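Chain and residue survey
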Amino acid sequence: MWIYIGKRLIASVPILLGLSVIVFAMMALIPGDPATAILGSYATPENVARLNSQLGLDKPLVEQYFIWLGKLFHGDMGRSYALNRPVADEVFERFGATLILAGASLILCSIFGLIAGIAAAVRQFGWTDRVVTFLVLIGISTPSFWLGLLLIMLFAVELQWLPASGMYAIYGGGGPLDLLAHLAMPAVTLAVVATAVIARLTRAAMLEVLRQDYIRTARAKGVSERRVIYRHAFKAALVSIIPVIGIQAGFVLGGAVYIETVFQWPGIGRMLVNAISTRDLLLVQGGVLVVAASYVFFNLLADVAQTIVDPRLR
Amino acid sequence: MVALPVSGKKANDRGGRPSPFKLLIANRLSAAGLLLLGIIVALALLTPILPLPDPDITDPAQRLLRPGVDGHLLGTDHLGRDLLSRLLWGTRVSIVVGVSATLIAAIVGSLIGLTAGYAGGRSDNVLMRGIDLVMAFPYILLALGIVAVLGPGLLNALYAISIVNIPFFARNIRGMTLGLSRREFVDAARLSGASHPVILFGDVLPNVLPTIVVTMSTTVGWMILETAGLSFLGLGAQPPQADLGSMLGEGRKLLFTAPHVSVIPGVMIFVLVMSINLVGDGIRDVLDPRLKSGALAAPGAATTVKREAVPEKPATDAVLSVTDLRTQFQTGSRVYKAVGGVDLDLAPGERVGLVGESGSGKSVTALSLLRLVPTPPGTITAGRVVIGGEDQLAASVDKLRRLRGGKVAYVFQDPLTTLHPLFTVGQQIVEAVQAHQPLSRREAEAQAIELLERVQIPSAKARYNAYPHELSGGMRQRVCIAMALANDPELIIADEPTTALDVTVQAQVLKLMRGLSEQQGSAVLFITHDFGVVSELCDRVAVMYAGRIVEIGPTEAVLDAPAHPYTRKLIDCVPVLGEPDRRLDAIEGLPPPVDRLPTGCAFAERCPIVEPRCREGDIALDPLSDDRSVRCIKPYRMAS
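Here's a quick rundown of the structure.

Reading the values: rules and limits
- Residues numbered from 1 in each chain as written.
- Chains lettered and ligands numbered in written order.
- Predicted model: local features only at pLDDT ≥ 70, side-chain atom pairs only at ≥ 80, totals over all residues.
- Heavy atoms only, no water.
- Helix = DSSP H or I, 4+ residues; strand = E, 2+ residues; numbered from the N terminus.
- Rg over C-alpha atoms; globule rule 2.2 N^0.38 Å.
- Contact = heavy atoms within 4.5 Å.
- Areas by Shrake-Rupley, 256 points an atom, 1.4 Å probe, with all protein chains shown as cover.
- Buried < 20%, exposed > 50% of the residue type's maximum accessible area, 1.4 Å probe, protein only.
- Lys, Arg positive; Asp, Glu negative; His and termini not counted.
- Charge placed at Lys NZ, Arg CZ, Asp CG, Glu CD.
- Salt bridge = Lys/Arg side-chain N within 4 Å of Asp/Glu carboxyl O.
- Polar contact = N/O pair within 3.5 Å; in protein donor to acceptor, adjacent residues only side chain to side chain.
- Nonpolar A, V, L, I, M, F, W, Y, C, P; charged D, E, K, R; others polar.
- Axes fitted to C-alpha atoms, helices over the stretch in contact; angles between N-to-C directions.
- Pairing = 2+ DSSP bridges.
- Phe/Tyr/Trp six-rings, centres within 6.5 Å; stacked < 30°, edge-to-face > 60°.
- Lys NZ or Arg CZ within 6 Å of the ring centre and 35° of its normal.
- Parallel < 35°, antiparallel > 145°, perpendicular 65-115°, else oblique.
- Left-handed = near helix turned anticlockwise from the far one by under 90°.
- 1 Å grid on protein atoms, 1.4 Å probe; cavity = no way out; pocket = protein on both sides within 12 Å on 5 of 7 lines; lining within 4 Å.
- Points joined across faces, edges and corners; volume = space filled by probe spheres on them.

Turning our eyes to something else, we now look at the overall build of chain B. The helix and strand inventory of chain B stands at 22 helices and 13 strands. In summary, chain B has a C-alpha radius of gyration of 34 Å against a globular reference of 26 Å for 640 residues, an excess of more than 25%. With respect to the principal axes defined by its C-alpha atoms, chain B has extents near 110 × 65 × 60 Å. Expressed as a percentage of contacts within chain B between residues at least 6 apart in sequence, the contacts between residues at least 24 apart total 68%. Accessible surface for chain B amounts to roughly 27600 Å². Of this, 59% is attributable to carbon and sulfur atoms.

Next up, the structure:
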């Protein structure tokens, strides 16, 4: 088991390196001269050249990459010119907020997706099944950013139960309850599509497993139907459900971009959208890299969880 | 996804497969989706000739009108532009962008997949590692990164969404191509000297096309949603151009004053994407029926019993008494009568073999006894199964549960698929013990180890913690037997327990079962197609054909002098050691299909001594002597 986790950890190093190459290449591909962008179009050629050499941009690309990678290991992602602060500070501060939002969503979609999927499979062709199937269809077809707006209109404007935006109240805010009130709508909105996907897959996986010979064996030895469903069938179905939950982690991290914009959540997604608009490319680079790296980590967790469930993979 | 079973089955019943389009329409939800999508697309196509105001003409005096006011059916936005007109023009843009993105992703992705799958080796490795790398990014984040590089704009958003979706196509198509390029027809094309592109596009591509279409139809709605999302963020369509996403984005600023400006385009995106998803699911079900979820009916806890006739309760002290048992399977309008009236009694401690070809109904008989036949499609339609003095076909599920694995235990055919792969064999035996005995975990564990020892598994304590895949086939079957013995059953129903095993292992397992049954006094109903096995183990043998018993009697008597022509043919099929010259008669012909049984004797078609009256009426299982019965009007007598 530990050997497997070790192997899996080592295997994710090339993926991380690949990610860093792509992210670096992205920025290198951008047409135009960063120094000109920083200094403005009225800068003298001498000044541009001096800044270019200061930034190391006159060196060959491969060398630039390794210098950049070396700095990355020391937590140096450069400096955001628009915000005038180190990229790393900004990125990690924002990433914390995104993790809270994405984590809450991931918990919600796992719980409700699994429950709905199991309920539908157990009562296949029954009313529960039809209702779940219908809700899944609605869920995967709903634009989450639009759903967010509808929820704001209902719960913040009409009913005034929940705050419309932000992470904490501006006056007298703070504390876990305040956070929870602000978190409720964005987390639910972000979870809707992922819940639908997990429910759909759980249903399919359960139906597939319930037809297997070993389920008949369990029934033949007199195991209660509850235990057949929740122990025998669900454990076997988990093997194919876990990777999908891993994929949903990436989906939720990415989808946070919309939700953070709609609900003014101070996370990394909103930061990225602003940074793209202001052409603050180092900030985009740092943000994309951190989120992508965290997704690699989530996938690693999913792989390990799958191995714990399925001894055949060890 | 939503496979309507009724309509789907109707389509399957027709002799020839109906056209894909008809199948699609037969699915009510897909038909509704198609209708909805058709209306939206028609409106989008007709937009330029509809009598609508120019979508870009501003009229500040008319700004933020509510829907229905002054000839503006859906109202106006913050610049006084007509929302209906903007909505339809925006829908046009969104559909075009979504479909284009899908096409680009499909073409590029499929080319990568085809190349990687066909070339294999290093090219495959390099291409697929690249794809893996793209997939290592969270989906939308990568699209954002690409837009950051290319700069905001509708065309750039389209490229970003296409690139992000390339991996789905590349992976699916590669998998298919990999399988196909090892197939004979590709080899044949190669040998005939066709060039690689000709083979790839002439022979392989047509075969993967359905997969490409399925992947497209299930991702296009998604891509429309994602491009709308980028526009919503202000990274897609730039003013004055508008798609549904950017309309929603602009409307968001007026959420509190004029909600209709953002609600309306949102509804349009939702309806458009939902109709596309409905159609996409329908297309997937038609082109790739294996994925159709409705086809996978999951069996319930016990077979449904719908008896038209319940026979008299027999007065017997038998462990098992079966009277006129009938089980059928219904798929569509076809009814397969797998078991067509079986009568069978087992005395305490008696071992009876139930023999027949595959499809004769012997396994279904075995499973019907404790209602383990999967419903749907199976139903028990008649008969009585008396175990422990009670009719089990009338018992509650909970009563059945207590009987299963308690008084009556099963051993199934393939121990690899019948043991749960994710639990240790010890856990599985403990579960069998605890399902019927109120023992603590520790006591149950001790009993499980004892059981493993009883079925002669060496170093039982160590094997307790083994998973099924870590054991050999013979060991696994021993575990299954141990599990069956857990609660000292009066009756063991063994459904071809040795068929999946090597010959030497078969002999060991048989010896073990014989020893255990003698030692414990359990009755055994042994289902097999092998007369050799029967002669090793059984006191009596019953021969099944087309769902009914055709001959029953003491094993030796039946083997020495089979009375039914079928039994004789079946025994002639068994090779005998030391008689290599003996002709192995395969029985000519096939058993009759059990959904179209002939009147009279079911074996008539293949019988060497058939007469016209064999086909006239039902033939009863008549006694031949005091312990033998046969279902034949002119059975072979001892002398013959």
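Anyway, onward from the coordinates.
On a plain count of helices and strands, chain A comes out with twelve helices and two strands. The linear arrangement of helices and strands in chain A, starting from the amino end, is α-α-α-α-β-β-α-α-α-α-α-α-α-α. Across its three principal directions, the C-alpha atoms of chain A cover 85 × 55 × 35 Å. By residue count, 51% of the 314 residues in chain A fall in the buried class. When contacts within chain A are restricted to residue pairs at least 6 apart in sequence, long-range pairs at least 24 apart make up 71% of them. With an accessible surface of roughly 14400 Å², chain A has 68% of that area assigned to carbon and sulfur atoms. Here chain A contributes 24 positively and 18 negatively charged side chains, and the mean placements of these two sets differ by 14 Å.

Here we come to the interface of chain A and chain B. At the junction of the two partners, chain A supplies 75 residues and chain B supplies 72 residues. Arg 231 of chain A is paired through a salt bridge with Glu 431 of chain B; the nearest N and O atoms lie 3.5 Å apart. At the junction of chain A with chain B, the criterion picks out 20 residue pairs in polar contact (both at pLDDT 80 or more). Looking at the side of chain A that touches chain B, the elements that each hand over two or more residues are α1 (2–29), α6 (127–141), α7 (144–158), α8 (176–210), α9 (213–220), α10 (225–263), α11 (268–277) and α12 (281–309) of chain A. With 15 residues, the single largest contributor to the side of chain A that touches chain B is α10 of chain A. Here the side of chain A that touches chain B is built from residues that sort into 45 nonpolar, 14 polar and 16 charged.

Attention now moves to the packing of α10 of chain A against helix α6 (residues 139–150) of chain B. Where α10 of chain A meets α6 of chain B, the axes come as close as 5 Å, and the angle between the chain directions of the two elements is 65 degrees. Side by side, α10 of chain A and α6 of chain B meet where Gly 254, Gly 255, Val 257 and Tyr 258 of chain A of the first sit next to Ile 140, Leu 141 and Leu 144 of chain B of the second. In terms of residue class, the contact of α10 of chain A with α6 of chain B is built from five nonpolar, two polar and no charged.

Right, let's talk about the sheet that holds strand β4 (residues 351–355) of chain B for a bit. All names here are of chain B. Strand order in the open sheet formed by eight strands is β7-β8-β9-β4-β10-β11-β13-β12, with mixed pairing between adjacent strands. A single partner strand is all that each edge strand has here, and the edge strands are β7 (408–411) and β12 (622–625). Sheet twist, expressed as the average angle between the axes of neighbouring strands with direction ignored, equals 20 degrees. In terms of strand pairing, strand β11 (residues 548–554) meets strand β13 (residues 628–630) through two bridges, oriented antiparallel.

A few words on the pattern of salt bridges. Think of it this way: side chains of opposite charge can pair up when their charged atoms draw near. Using the criterion set out here, one finds 36 salt bridges over all chains in the structure. The shortest N-O distance in the salt bridge between Glu 93 of chain A and Arg 85 of chain A comes to 3.1 Å. Of the residues examined, Glu 93 of chain A reaches a relative accessible area of 51% and is grouped as exposed. Using a relative accessible area of 25% as the deciding quantity, one classes Arg 85 of chain A as partly exposed. Here Arg 326 of chain B ties to Asp 324 of chain B by a salt bridge, and the two come within 3.2 Å at their closest N and O atoms. Overlapping salt bridges, with partners in common, bring together Arg 85, Glu 90, Glu 93 and Arg 94 of chain A in one network.

Between two aromatic rings, the relevant description is the distance of the centres plus the angle of the planes. All names here are of chain A. Taken as a whole, this structure holds 14 aromatic pairs over all chains when the rule is applied. A ring pair is formed by Phe 24 and Trp 68, whose centres lie 5.4 Å apart and whose planes are at 45 degrees; its orientation type is tilted. Here Trp 68 lies in helix α4 (residues 61–73) and Phe 24 lies in helix α1, a separation of 44 residues in the sequence. Like Phe 24, the residue Trp 68 is buried in the burial classification. The interplanar angle of 40 degrees and the centroid separation of 6.0 Å between the aromatic rings of Tyr 65 and Trp 68 together place this pair among those described as tilted. Remark: Trp 68 and Tyr 65 occur in helix α4; sequence separation between them is three residues, near one turn of the helix. Each member of the pair, Tyr 65 together with Trp 68, is buried. Here the aromatic residues Phe 24, Tyr 65, Phe 66 and Trp 68 are joined through ring pairs into a cluster of three or more. Residue placement shows Arg 130 over the ring face of Trp 127; its charged tip is 4.9 Å from the ring centre.

Let us now look at unusual backbone geometry. The linkage connecting Pro 239 of chain B with the following residue, Pro 240 of chain B, adopts the cis geometry, with an omega of 5 degrees. When you line up the elements, Pro 240 of chain B lands in the loop between α9 (196–232) and α10 (244–252). The residue Gln 264 of chain A is not glycine, and still its phi comes out positive at about 50 degrees. Relative to the assigned elements, Gln 264 of chain A resides in the loop between α10 and α11. Gln 264 of chain A gets classed as partly exposed once you look at its relative accessible area, which sits at 32%.

Our focus in this paragraph is the packing of α1 of chain A against α4 of chain A. Residue and element names in this part refer to chain A. Relative to each other, α1 and α4 sit at 120 degrees, their axes nearing to 11 Å. One way to sum up the angle between α1 and α4 is to call them oblique. Seen along the crossing, α1 lies across α4 with a hand that is right-handed. Side by side, α1 and α4 meet where Leu 17, Ser 20, Val 21, Phe 24 and Ala 28 of the first sit next to Leu 61, Gln 64, Tyr 65, Trp 68 and Leu 69 of the second.

Time to look at the side chain of Gln 447 of chain B. All names here are of chain B. Relative to the helices and strands, Gln 447 is located in helix α16 (residues 441–454). In this structure the side chain of Gln 447 is engaged in a polar contact, spanning 3.2 Å, whose partner is the backbone oxygen of Ala 486. Once residues within four sequence positions are removed from consideration, Gln 447 is found in contact with Val 433, Gln 437, Leu 439 and Ala 486.

Here the focus is empty space enclosed by the protein. For the structure on display, the rule yields eight cavities of 30 Å³ or more. A volume near 110 Å³ is recorded for the largest cavity. Every residue lining the largest cavity is counted, 14 residues in all, and those nearest its centre are Ser 144, Val 193, Phe 251 and Tyr 258 of chain A together with Glu 226 of chain B. If you list the elements that add at least two residues to the lining of the largest cavity, you get α7, α8 and α10 of chain A together with α9 of chain B. Of the residues that constitute the lining of the largest cavity, the class distribution is nine nonpolar, four polar and one charged. Volume-wise, the second largest cavity comes out at about 90 Å³. For the lining of the second largest cavity, a count of residues per class yields eight nonpolar, two polar and one charged.

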